[in-house]
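So the chains spell out like this:
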Amino acid sequence: MSLLRLAWRSVLRQRRRTALLSLVVVYVTVATLFLLGFLDGYGESLVEAYAEYVEAPVAVAQEAWWADPDPEHGLKSLPTLAHPLVQAVSPRLSFYALLRSPYRLEGGLVLGVDPEGEKGLSRVPAKVAEGRWLRARGEVVLGQRLAERLDVRVGERLVVETGKAALGLEVVGLVRAGVSNVDFFGVYLHLEDAQALTGALATHLAVKVPRGREGAVAQALSRTLPPGLLAKGVWDLMGPIRADYEGSRLLYIPLLGLFMLLAAIAVVSTTYVSVRERLREFAVAESLGLTPWRLAGQVALEAALASGVGLVLGLLLGYALLWYTSTHDVFGPLMRMSVELLPESGLSEHLYTALRPAYALYAAGVVGLSALLALLFPGRLVLALEVPRYLKEG
């Protein structure tokens with residue numbers, strides 16, 4: 001009889017014990033899949049928010065501007081970007097200003113943009129909920145929540161003041177993007193108006209590249225740009241929220257490892273009890289010609305099979321859960337509350353989990369770990385077995 005058949009028969013013979021072990025592994029497998037999917041989904045939502053709304057996939061600016069984002073450190077001329085993955089380029093002029101409505105006064109970050117160029121680079125122009133996007137000079141578009149704080153509506157005037165100049169602009173649109181930085185703080189005006197207010201040409205170039213290639217393209221551009229210019233990918237543009245995300249991964253990934261270890265220990269401890277109860281059975285098997293190492297392998301295989309049953313069930317349930325949360329806005333209420341509490345974070349109001357086959361490989365670690373620990377501990381009982389003693393007791 002093959003070793004696999006022997007191990008499988010032993011697992012089926014102890015159905016209640018196997019069922020309890022499988023439930024433990026099911027729980028750990030579902031938790032592993034869900035947490036990995038949630039963390040990756042959270043990361044993807046951050047990338048989408050910053051690449052498509054708050055910043056850009058890649059930004060090119062003077063090194064001095066990266067260190068001190070003042071328009072005086074902006075671009076003196078617009079460089080040519082030669083890279084096959086560059087899909088669109090548009091200049092932007094970012095500066096701080098006072099925003100004065102007839103009823104309120106508030107400081108904020110203003111973004112001067114090329115109205116047509118921005119349409120091919122950002123999703124913000126498509127998210128105007130009231131009014132329209134910029135068309136000409138003398139116009140401004142605001143985030144909806146910022147407009148509420150300023151108590152200003154479409155068609156009314158807003159004065160934008162810097163230390164050098166001031167302009168009265170007509171509010172032509174209100175943006176509702178579902179991204180905190182845009183809705184709570186977004187101020188968009190024509191690039192030429194921004195140039196008149198600051199005396200600068202542009203602070204940076206916003207560059208659109210394929211998703212997932214931002215870092216590589218930024219590095220490639222930095223090698224070919226004139227001295228003093230530096231390109232950064234979207235991950236480098238996130239600021240503190242990136243540290244928060246990476247900190248979450250550093251916290252939860254070891255926690256998953258601990259869950260898997262505890263599940264493996266539960267499987268192995270039960271296997272240990274089972275082996276002690278069957279020492280005479282192993283002694284008989286060894287007397288019939290099975291080697292100690294072969295019997296120890298059977299013990300490890302039993303642990304792997306018991307956890308494998310739970311793994312299969314856990315994968316079915318875990319991927320079903322991930323599919324549902326990747327297609328339904330389950331975390332919408334939680335994210336909307338987070339946006340209200342942390343409006344400067346750049347969080348999106350929507351979060352969908354990621355769904356990747358590789359998660360199954362991580363979850364399968366509990367099976368390998370169970371087999372290894374079973375070989376090291378319960379298996380040692382079989383390797384040190386005194387066959388004559390147990391045969392004599394029988």
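Residues numbered from 1 in each chain as written. Predicted model: local features only at pLDDT ≥ 70, side-chain atom pairs only at ≥ 80, totals over all residues. Heavy atoms only, no water.

Where do I start with the overall build of the protein chain in this structure?
Helix and strand content of the protein chain: 17 helices and 10 strands. Out of the 394 residues belonging to the protein chain, those deemed buried represent 48%. Sequence-distant contacts in the protein chain: of pairs separated by 6 or more residues, those separated by 24 or more amount to 80%. A total of about 18900 Å² of accessible surface is found on the protein chain, and carbon and sulfur atoms cover 60% of it. (Helix = DSSP H or I, 4+ residues; strand = E, 2+ residues; numbered from the N terminus. Buried < 20%, exposed > 50% of the residue type's maximum accessible area, 1.4 Å probe, protein only. Contact = heavy atoms within 4.5 Å. Areas by Shrake-Rupley, 256 points an atom, 1.4 Å probe, with all protein chains shown as cover.)

I tried to follow helix α8 (residues 214-224) on my own but got confused; where do I start?
Structurally, the α-helix is built with 3.6 residues per turn, so residues lying three or four positions apart point the same way. Buried within α8 are the following residues: E214, V217, A218, A220 and L221. The buried residues of α8 occupy an angular sector of 165° when the element is viewed end-on, so they sit on one face. Exposed and facing more than 90 degrees away from the buried side of α8 are Q219 and R223. On its buried side, α8 packs onto α2 (15-54), β1 (58-62), β10 (229-233) and α9 (234-237). (Arc of directions from axis to C-beta.)

Before we go on, may I ask you to explain the pattern of salt bridges in this structure?
Between side chains of opposite charge, a pair can form when the charged atoms approach closely. Taken as a whole, this structure holds 21 salt bridges when the rule is applied. Across the pair R123 and E48 runs a salt bridge, and its minimum N-O distance is 2.7 Å. Separated by 75 residues along the polypeptide, R123 in the loop between α4 (115-119) and β4 (128-131) and E48 in helix α2 bring together distant segments of the chain. Its salt-bridge partner being E156, residue R153 comes within 3.4 Å of it at the nearest N-O pair. The class for R153 is partly exposed, based on a relative accessible area of 41%. One salt-bridge network, held together by shared partners, links D40, E44, R249 and R356. (Salt bridge = Lys/Arg side-chain N within 4 Å of Asp/Glu carboxyl O.)

Which parts of the structure should I look at to understand unusual backbone geometry?
One can expect most non-glycine residues to show negative phi and most peptide bonds to be in trans. Even without glycine at this site, D151 takes up a positive phi of about 55°. Structurally, D151 can be placed in the loop between α5 (144-150) and β6 (157-161). Among the residues examined, D151 registers a relative accessible area of 25% and is labelled partly exposed.

Sorry, what's going on with the side chain of T203 here?
Of note, T203 is situated in the loop between α7 (191-198) and β9 (204-208). Since its relative accessible area comes to 0%, T203 is described here as buried. Engagement of the side chain of T203 in a polar contact is seen with the side chain of H204, the distance being 2.8 Å. Residues contacting T203, with those up to four places away along its chain left out, are V60, A61, W65, P71, G74, L75, R92, L93 and S94. (Polar contact = N/O pair within 3.5 Å; in protein donor to acceptor, adjacent residues only side chain to side chain.)

What exactly am I supposed to notice about the layout of surface pockets here?
The method is simple in principle: a probe with the dimensions of a water molecule rolls over the atoms, and the space it marks as empty is what remains. In this model, the largest pocket occupies a volume close to 1300 Å³. Counting residues per element, the lining of the largest pocket draws most heavily on α2, at 6 residues. Here the second largest pocket is characterised by a volume of approximately 280 Å³. Around the second largest pocket, the lining is made up of 15 residues, and of these E48, R123, S348, H350 and Y352 lie nearest the centre. Looking at the lining of the second largest pocket, its residues break down into 6 nonpolar, 4 polar and 5 charged. (1 Å grid on protein atoms, 1.4 Å probe; cavity = no way out; pocket = protein on both sides within 12 Å on 5 of 7 lines; lining within 4 Å. Points joined across faces, edges and corners; volume = space filled by probe spheres on them. Nonpolar A, V, L, I, M, F, W, Y, C, P; charged D, E, K, R; others polar.)

Just checking my understanding: could you explain α7 for this structure?
Those residues of α7 not exposed but buried are L191, D193, A194, L197 and T198. The arc that holds every buried residue of α7, seen down its axis, measures 160°, which confines them to one face. Buried residues along α7 sit against β2 (88-100), β3 (105-113), β5 (139-143), β6, β7 (166-175) and β8 (187-190). Where α7 ends, the next residue or the one after it, G199, has phi of about 80°, a positive value.

Looking at this structure, I do not really get the pairing of β5. What am I missing?
A regular strand carries its side chains on alternate faces of the sheet. Of all 5 residues making up β5, 5 are buried, and the element is well covered by its neighbours. For β5 and β7, the ladder comprises 5 bridges, and the chain directions are parallel. Paired with E139 across the two strands is E170, which belongs to β7. Where β5 and β8 come together, 3 bridges link them in antiparallel fashion. Paired with V141 across the two strands is Y188, which belongs to β8. (Pairing = 2+ DSSP bridges.)

Would you take a moment to explain the pairing of β6 for this structure?
Along β6, the buried face is formed by L158 and V160; none of R157, V159 and E161, which line the opposite face, is buried. Note that β2 and β6 share 3 bridges and pair antiparallel. Counterpart to R100 in the pairing with β6 is V159. Direction of pairing for β6 relative to β7: antiparallel, over a ladder of 5 bridges. Within the sheet, the bridge partner assigned to R157 lies in β7 and is E170.

Help me understand the packing of aromatic side chains, please; the structure alone is not making it clear to me.
For the structure on display, the rule yields 8 aromatic pairs. Where F184 meets F185, the ring centres are 6.3 Å apart and the plane angle is 40°; that geometry is what we call tilted. Since its relative accessible area comes to 9%, F184 is described here as buried. (Phe/Tyr/Trp six-rings, centres within 6.5 Å; stacked < 30°, edge-to-face > 60°.)

Explanation requested: the nonpolar core in the structure shown.
In globular proteins that are soluble, nonpolar side chains generally tend to be buried together. Judged by nonpolar contacts, the single largest core of 31 residues is most densely connected at W133, V182 and Y188. Among the secondary structure elements, those contributing two or more residues to this core are α2, β3, β7, α6 (180-185), α10 (240-277) and α13 (332-341). Tallying contributions element by element places α2 first for this core, with 8 residues. In contact with V182, not counting residues within four places along its chain, are Y53, V124, G143, V175, A177 and Y188. (Core = buried A, V, L, I, M, F, W, Y, C linked by side-chain atoms within 4.5 Å.)

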